[in-house]
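Listed here are the chains, written in short residue letters.
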Amino acid sequence: MPELSSKLAKALSSSGKIYKDLVKLLGTDKVSNRPADILIYSHDYAPINLHRLLNLELDALPYVIVWPESVDDVIEVVRYAYVNNVPIYPYGGGSGVLRGFAPERGGIVIDLKRMRSIELDEENLMVTAEAGVNGMILEEYLNYRGYTLGHIPQSLYESTVGGWVATKATGQFSTKYGGIEDMLLGVEVVIPPGKVISLRPHPRTATGPDLRKLFIGSEGIYGIITRATLRVWPYPEKRVKLSFATETFEEALNYIRQILRAGAKPAVIRVYDRIETLRHFYWIEGIKGKSVTIFIIEGESRIVDAEVSIVEEIFKGKELGEEPVNHWLRTRFIVKEASEYAPLGFVFDTIEVAAPWSKVVRLYHEVIKAMNEVKGTLVASAHASHFYPQGACLYFTFGGLPPTGTSPYEYHSKVWAAAMEAVLKVGGTISHHHGIGRVRAPWLRKELGDEAYELLKKLKEVVDEKGIMNPSNMGC
Amino acid sequence: MSERDWIFEALKEKGLGTAVRIVTTYITGKLKGVEDLVKCALCPNMCKFACPVHIVLGSETYSPAGRARIAYYIKNKVLEPTEENTKPLYACLNCNACNVWCPFEFAIPDVTHPVKVQLKKRDILPESLKRIEENLRNYGFLYGSKPAEITRKGKVLYLRGCTVRHHLRDLARLTIEVFSKLGIDLATLPKESCCGIHAYYMGADDLFKELARVNIELLSSSEWEYAITSCPVVAYTYRVLYPRFGIKVPLSVYYVAEVLKDLLKDKELSEVKRTVVLHDSWALTRGLNSSSVIELLRLIPGLDVKLPMRHGREVFDVGYYCTLLAFIDPELAKKVAAERLRELKEVANVIVTASPDAKILFAELGAEVYDIIEIVAEALRV
């Protein structure tokens with residue numbers, strides 16, 4: 001019998017009372033301790049988890065899963081967990097990549113996906129969505145009515161509104177539309193011991209410290225996000241696609257810095273280093289050794305025209321036309337490598353970080369070098385995909401085969417450690433948009449500094465005095 | 001340069017020897033060996049937003065990759081193949097919504113199929129499905145013994161499908177009248193057997209092939225020019241599933257709209273003054289890549305046809321008797337239908353559909369719903 005079966009049996013034997021109590025509160029339809037559900041709700045999509053899944057080495061099995069259908073259901077669960085000291089692990093789309101969801105202490109998984117109402121306010125350009133609304137369904141809903149949220153993470157098809165807020169997500173079109181923190185106008189959260197905080201949506205508000213921000217990026221450690229009001233945009237009237245090849249990655253970054261300085265805000269800007277250029281644009285003749293940059297500029301046509309002229313004036317690369325952009329649009333949600341290479345023993349992951357312009361190029365070289373120096377690493381590459389007048393996000397990918405005698409988990413940890421230390425040494429931030437989870441937690445204190453980190457922990461103690469909300473996530 | 005050249009180029013930095021060793025051992029060597037079930041189980045589940053059952057239940061266990069993971073755990077003996085544990089493999093609309101978004105072009109019913117076949121060989125099948133299997137084995141009909149019918153003669157064979165024969169007989173009669181008005185006599189055969197798709201969904205491949213054999217034998221007569229059906233799933237089974245099993249179909253089998261859109265092109269039709277919303281059938285739009293229904297409806301004067309948010313290849317379909325859902329979890333089938341009905345009613349109150357299951361479900365939920373043949377009959381004044 002696989003070892004996982006014994007773990008499963010243990011989780012099942014621990015679930016009895018909690019299951020019965022929650023059934024009394026919510027009814028059988030919303031509660032499960034079925035073995036299949038316990039296994040499925042044991043991990044998020046952290047790439048290293050693929051090895052756990054494949055090798056039947058899952059290590060965090062919950063006792064009970066609940067699917068609340070209203071904020072009142074959520075209150076009941078939080079109240080129960082508080083009184084009985086049972087950990088709660090909120091679950092949205094399960095697309096997190098940092099083990100932000102990992103029910104290490106058993107407990108209750110609360111999957112929000114049955115809370116999926118959407119209400120569009122066309123006059124005020126706002127949409128209010130319950131936490132479990134799927135990203136793609138929300139975007140399709142808005143597009144059908146002539147709007148867009150402009151929030152298009154690669155996880156769009158899997159992730160949820162609640163998950164976006166909880167992880168401080170951003171999307172592929174962020175240079176124009178911003179990250180979720182720029183979109184969030186109002187939020188509803190259930191915190192222990194079962195209280196509802198409802199921060200109403202306003203275009204702006206100066207009412208003390210912005211409490212909405214307490215929950216953006218909170219990754220479930222304070223409470224459960226149940227509803228969010230987000231700003232929306234009229235669906236863009238015009239879209240222009242441009243692409244260029246430059247001799248170097250650095251050269252392209254420099255042009256983009258100047259474009260943003262001039263005030264243009266293309267929705268999408270992506271710059272690929274030499275390896276990733278070949279990976280995505282191998283079909284362009286003579287592209288080997290070059291760096292490709294793509295742009296999507298969209299919105300009201302007069303503004304788009306002005307932005308296009310700024311980009312064309314500043315960016316000096318060789319013009320490649322629309323096709324590289326169309327290729328990216330067609331392939332941007334295709335994630336095949338995970339399924340193809342993990343079964344062969346390859347370990348891979350992505351690491352997104354950010355830095356001011358003055359440090360971006362050094363950050364790129366130092367992190368690539370650090371990842372390559374770990375024994376077993378075969379490939380280390382990057383692209384830059386989110387830009388600000390002050391700096392940029394670098395999105396690294398590494399892949400390798402653990403050396404003999406090293407487990408995939410050990411090899412994975414070593415590369416992460418090397419990359420994180422390199423980022424901190426250069427002075428970048430250890431996360432741009434994937435968040436912290438349990439994978440990055442060891443470096444959060446160093447990132448924030450002792451005093452800020454202690455404040456974070458104190459805030460956790462104040463909001464969640466019994467430590468039942470996603471315990472141990474972010475090291476809290 | 002080709003799709004995977006970047007790997008070799010990147011590996012070259014580690015030395016040419018390493019590059020050659022990795023590429024020949026792993027990339028070109030073993031890659032093809034990874035089975036579909038594993039690929040699907042390890043996928044980030046990018047298709048799940050399109051899965052009607054997953055959306056309604058909100059459960060990862062009933063998402064496409066979730067189902068693949070369950071099959072993987074059963075296969076690897078982590079999960080016992082109990083009725084409860086295997087339910088996610090069978091409680092599926094089999095609507096291939098996942099296929100539209102899959103980078104590997106998988107559909108979850110096909111991905112989990114080998115595991116279901118293995119379970120069936122061990123005589124493991126949910127109790128609620130055993131009765132269906134018995135009906136199909138004993139009678140070749142989903143609902144038990146076939147209804148008493150007379151043989152009708154005609155140039156074109158009419159395959160009605162089990163659900164139309166059992167639940168929607170008026171629809172079958174109307175179809176015969178519509179074609180008769182167009183000068184085509186439809187032949188019907190009391191011996192017509194179930195297309196067998198339920199057997200496929202259950203993993204009972206022997207039964208599936210036997211039902212196909214009986215049907216192919218009936219079709220092999222040279223009496224008919226072609227065959228039509230009122231059930232898109234029947235058309236899909238004959239045109240996609242039978243060939244997949246190496247079964248040659250001797251006659252072209254069309255869903256009625258595929259024929260009617262051509263037959264009605266130059267006909268004088270009466271106005272049907274109505275605003276309707278179209279509920280497509282996955283078997284047509286995704287399964288057969290056919291837009292025949294909307295093409296047909298657009299020929300009808302006065303008919304204002306609206307499309308809901310999810311239509312065409314992206315249709316959010318419903319399923320009942322043409323799936324296993326009606327037998328394994330009918331309440332779930334109704335929840336899925338209610339979800340779709342809300343979306344349709346945001347567009348128009350009157351629904352037109354090509355799917356017999358949708359007609360039954362939406363009517364049960366109190367909606368005003370017409371099969372396309374009823375609209376055509378009105379336009380032809382049948």
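Located above this text is the structure these notes cover.
Residues numbered from 1 in each chain as written. Chains lettered and ligands numbered in written order. Predicted model: local features only at pLDDT ≥ 70, side-chain atom pairs only at ≥ 80, totals over all residues. Heavy atoms only, no water.

Overview of the overall build of chain B
Link 1 in the chain: Each helix and strand in chain B was counted, giving 21 helices and eight strands.
Link 2 in the chain: A globule of 382 residues ought to have a C-alpha radius of gyration of about 21 Å, and chain B, at 23 Å, matches this closely.
Link 3 in the chain: Dimensions of chain B, computed from the C-alpha atoms along their principal axes, are close to 75 × 45 × 40 Å.
Link 4 in the chain: Going through the 382 residues of chain B one by one, you find that 64% of them count as buried.
Link 5 in the chain: Considering only residue pairs separated by 6 or more positions, chain B has 74% of its internal contacts joining residues 24 or more positions apart.
Link 6 in the chain: Taken as a whole, chain B presents about 14600 Å² of accessible surface, with 47% of it coming from carbon and sulfur. (Helix = DSSP H or I, 4+ residues; strand = E, 2+ residues; numbered from the N terminus. Rg over C-alpha atoms; globule rule 2.2 N^0.38 Å. Buried < 20%, exposed > 50% of the residue type's maximum accessible area, 1.4 Å probe, protein only. Contact = heavy atoms within 4.5 Å. Areas by Shrake-Rupley, 256 points an atom, 1.4 Å probe, with all protein chains shown as cover.)

Topic: the layout of surface pockets
Residue and element names in this part refer to chain A.
Link 1 in the chain: Its volume calculated, the second largest pocket comes out at about 950 Å³.
Link 2 in the chain: Along the walls of the second largest pocket sit 43 residues, with Lys168, Ile216, Gly217, Ser431 and His432 positioned nearest its centre.
Link 3 in the chain: Those elements giving two or more residues to the lining of the second largest pocket turn out to be helix 7 (174–177), helix 8 (180–183), helix 9 (212–215), strand 17 (377–388), helix 17 (444–448) and helix 18 (450–463). (1 Å grid on protein atoms, 1.4 Å probe; cavity = no way out; pocket = protein on both sides within 12 Å on 5 of 7 lines; lining within 4 Å. Points joined across faces, edges and corners; volume = space filled by probe spheres on them.)

Things to note about the environment of Gly321 of chain A
Residue and element names in this part refer to chain A.
Link 1 in the chain: Among the structural elements, Gly321 can be located in the loop between strand 15 (318–319) and helix 13 (323–331).
Link 2 in the chain: Judged by its relative accessible area of 33%, Gly321 falls in the partly exposed class.
Link 3 in the chain: Measuring from C-alpha to C-alpha, the distance between Gly321 and Phe244 comes to 7.5 Å, with 77 residues separating the pair along the chain.
Link 4 in the chain: Aside from chain neighbours lying at most four places away, what touches Gly321 is Leu242 and Ser243.

Looking at the interface of chain B and chain A
Link 1 in the chain: Chain B puts 60 residues into the contact, and the matching count from chain A is 60 residues.
Link 2 in the chain: When the two sides are added together, the surface that chain B and chain A hide from each other amounts to roughly 5500 Å², 66% of it contributed by carbon and sulfur.
Link 3 in the chain: Area buried by chain B at its contact with chain A is led by Trp6, Leu42 and Met46 of chain B, which between them contribute 14% of it.
Link 4 in the chain: Counting across the interface, chain B meets chain A through six salt bridges.
Link 5 in the chain: Inspection of the chain B/chain A interface yields 17 residue pairs in polar contact (both at pLDDT 80 or more).
Link 6 in the chain: Listing elements by their share of the side of chain B that touches chain A, those giving two or more residues are helix 1 (5–12), helix 2 (16–30), helix 3 (36–41), helix 4 (52–57), helix 5 (64–75), helix 6 (83–90) and helix 19 (330–345) of chain B. (Buried area = accessible area lost by both parts, 1.4 Å probe. Salt bridge = Lys/Arg side-chain N within 4 Å of Asp/Glu carboxyl O. Polar contact = N/O pair within 3.5 Å; in protein donor to acceptor, adjacent residues only side chain to side chain.)

Some details on the side chain of Asn85 of chain B
Link 1 in the chain: Tracing the sequence through the fold places Asn85 of chain B in helix 6.
Link 2 in the chain: Take Asn85 of chain B: its relative accessible area is 4%, and that puts it in the buried class.
Link 3 in the chain: For Asn85 of chain B, the side chain forms a polar contact with the main-chain oxygen of Glu80 of chain B, separated by 2.8 Å.
Link 4 in the chain: Not counting chain neighbours up to four residues away, the residues in contact with Asn85 of chain B comprise Pro35 and Ala36 of chain A together with Ile70, Ile74, Leu79 and Glu80 of chain B.

Describing the sheet that holds strand 15 of chain A
In sheet architecture, strand pairing relies on hydrogen bonds along the backbone and comes in two forms, parallel and antiparallel.
Residues and elements named next belong to chain A.
Link 1 in the chain: Spatial ordering of the open sheet is given by 15-12-14-13-17-18-16, a layout of seven strands whose pairing is antiparallel. Each end of this open sheet is capped by a strand with a single partner; those strands are strand 15 and strand 16 (347–356).
Link 2 in the chain: Pairing geometry for strand 17 and strand 18 (residues 391–400), over ten bridges, is antiparallel. Counted as the bridge partner of Tyr388 is Gly391 from strand 18.
Link 3 in the chain: Across the sheet, helix 16 (residues 408–426) is in contact with strand 16, strand 17 and strand 18; its angle to strand 16 comes to roughly 10°. (Pairing = 2+ DSSP bridges. Axes fitted to C-alpha atoms, helices over the stretch in contact; angles between N-to-C directions.)

Details of the pairing of strand 10 (residues 224–231) of chain A
Residue and element names in this part refer to chain A.
Link 1 in the chain: With six of eight residues buried, strand 10 lies mostly within the body of the structure.
Link 2 in the chain: Where strand 8 (residues 184–191) lies against strand 10, six bridges are found, and the strand directions are antiparallel. Along strand 10, the bridge assignment pairs Gly186 with Thr229.

Let's talk about the pattern of salt bridges
Link 1 in the chain: Taken as a whole and assessed by the stated rule, the structure comprises 61 salt bridges over all chains.
Link 2 in the chain: With a shortest N-O distance of 2.7 Å, Arg330 of chain A and Glu323 of chain A are connected by a salt bridge.
Link 3 in the chain: According to the relative accessible area criterion, Glu323 of chain A is partly exposed, its value standing at 35%.
Link 4 in the chain: Here Glu343 of chain B ties to Arg340 of chain B by a salt bridge, and the two come within 3.2 Å at their closest N and O atoms.

Regarding the sheet that holds strand 1 (residues 156–159) of chain B
Residues and elements named next belong to chain B.
Link 1 in the chain: Spatial ordering of the open sheet is given by 2-1-3-4, a layout of four strands whose pairing is parallel. A strand with exactly one partner marks an edge of an open sheet, and here the two such strands are strand 2 (186–187) and strand 4 (253–255).
Link 2 in the chain: Bridge analysis of strand 3 (residues 227–229) against strand 4 gives three bridges, and the strand direction is parallel. Residue Ala227 lies in a different strand from strand 4, and its bridge partner there is Val253.
Link 3 in the chain: Packed on one face of the sheet, helix 11 (residues 169–181) meets strand 1, strand 2 and strand 3 and runs near 160° to strand 1.
Link 4 in the chain: Its contacts with the sheet put helix 15 (residues 256–263) on strand 3 and strand 4, and the angle it makes with strand 4 is roughly 80°.

Here we look at the nonpolar core
Link 1 in the chain: Within the largest apolar cluster, 312 residues are counted, with the highest numbers of intra-cluster contacts made by Phe295, Phe387 and Phe396 of chain A together with Tyr73, Leu297 and Phe362 of chain B.
Link 2 in the chain: With ten residues, helix 16 of chain A is the single largest residue contributor to this core.
Link 3 in the chain: In contact with Leu297 of chain B, not counting residues within four places along its chain, are Leu278, Leu303, Val305, Val352, Ile372 and Ile375 of chain B. (Core = buried A, V, L, I, M, F, W, Y, C linked by side-chain atoms within 4.5 Å.)

Some points on the packing of aromatic side chains
Residue and element names in this part refer to chain A.
Link 1 in the chain: Scanning all chains against the criterion turns up 35 aromatic pairs over all chains.
Link 2 in the chain: Here the aromatic rings of Tyr272 and Phe281 are separated by 5.2 Å at their centres, their planes lie at 75°, and the arrangement is edge-to-face. We note that Tyr272, like Phe281, is buried.
Link 3 in the chain: On the basis of an interplanar angle of 75° and a centroid distance of 6.3 Å, the ring pair of Phe398 and Tyr411 is categorised as edge-to-face. In this pair, Phe398 is assigned in strand 18 and Tyr411 in helix 16, connecting sequence segments 13 residues apart.
Link 4 in the chain: A relative accessible area of 1% places Phe398 in the buried class.
Link 5 in the chain: A relative accessible area of 1% places Tyr411 in the buried class.
Link 6 in the chain: Its end group placed over the ring of Tyr141, Arg145 keeps NZ or CZ at 3.7 Å from the ring centre.
Link 7 in the chain: Taking the ring centre of Tyr177 as reference, the NZ or CZ of Lys176 above it sits at 5.5 Å. (Phe/Tyr/Trp six-rings, centres within 6.5 Å; stacked < 30°, edge-to-face > 60°. Lys NZ or Arg CZ within 6 Å of the ring centre and 35° of its normal.)

Observations concerning the state of the cysteines
Residue and element names in this part refer to chain B.
Link 1 in the chain: Enumeration according to the criterion identifies zero disulfides over all chains in this entry.
Link 2 in the chain: Looking at Cys195, it has no disulfide partner, and the nearest cysteine sulfur is the one in Cys194, 4.6 Å off.
Link 3 in the chain: Note on Cys195: relative accessible area 8%, which makes it buried. (Disulfide = S-S within 2.5 Å.)

With respect to helix 21 (residues 372–380) of chain B
Because the α-helix completes a turn every 3.6 residues, residues three or four places apart line up on one side.
Residue and element names in this part refer to chain B.
Link 1 in the chain: The buried fraction of helix 21 is high, at seven of nine residues.
Link 2 in the chain: You can read the cap of helix 21 off the contacts: a side-chain oxygen lies 2.9 Å from the backbone nitrogen of Ile373, and it is on Asp371.
Link 3 in the chain: Two residues or fewer past helix 21, Arg381 is found with a positive phi of approximately 55°.

Section: the packing of helix 5 of chain B against helix 8 (residues 108–121) of chain B
All names here are of chain B.
Link 1 in the chain: Axis separation between helix 5 and helix 8 bottoms out at 10 Å; the angle between their running directions is 25°. Taken together, the axes of helix 5 and helix 8 are roughly parallel relative to one another. Considering the relative orientation of helix 5 and helix 8, their crossing is left-handed. For the pair formed by helix 5 and helix 8, the contact residues are Pro64, Arg67, Ala68, Ala71, Ile74 and Lys75 on the first element and Ile108, Val111, Thr112, Val115 and Leu119 on the second.
Link 2 in the chain: Grouping the amino acids of the contact of helix 5 with helix 8 by side-chain chemistry returns eight nonpolar, one polar and two charged. (Parallel < 35°, antiparallel > 145°, perpendicular 65-115°, else oblique. Left-handed = near helix turned anticlockwise from the far one by under 90°. Nonpolar A, V, L, I, M, F, W, Y, C, P; charged D, E, K, R; others polar.)

Brief notes about unusual backbone geometry
Link 1 in the chain: Residue Pro193 of chain A follows Pro192 of chain A across a cis peptide bond; omega there is 5°.
Link 2 in the chain: The topology assignment puts Pro193 of chain A in the loop between strand 8 and strand 9 (195–199).
Link 3 in the chain: Phi angles above zero are rare outside glycine, and Met474 of chain A is one such case at about 55°.
Link 4 in the chain: Among the structural elements, Met474 of chain A can be located in the segment after helix 18.
Link 5 in the chain: According to the relative accessible area criterion, Met474 of chain A is buried, its value standing at 5%.
Link 6 in the chain: In the Ramachandran plot, Glu105 of chain B falls in the positive-phi region, its phi being about 60° despite a non-glycine side chain.
Link 7 in the chain: Inspection of the secondary structure puts Glu105 of chain B in the loop between helix 7 (97–101) and helix 8.

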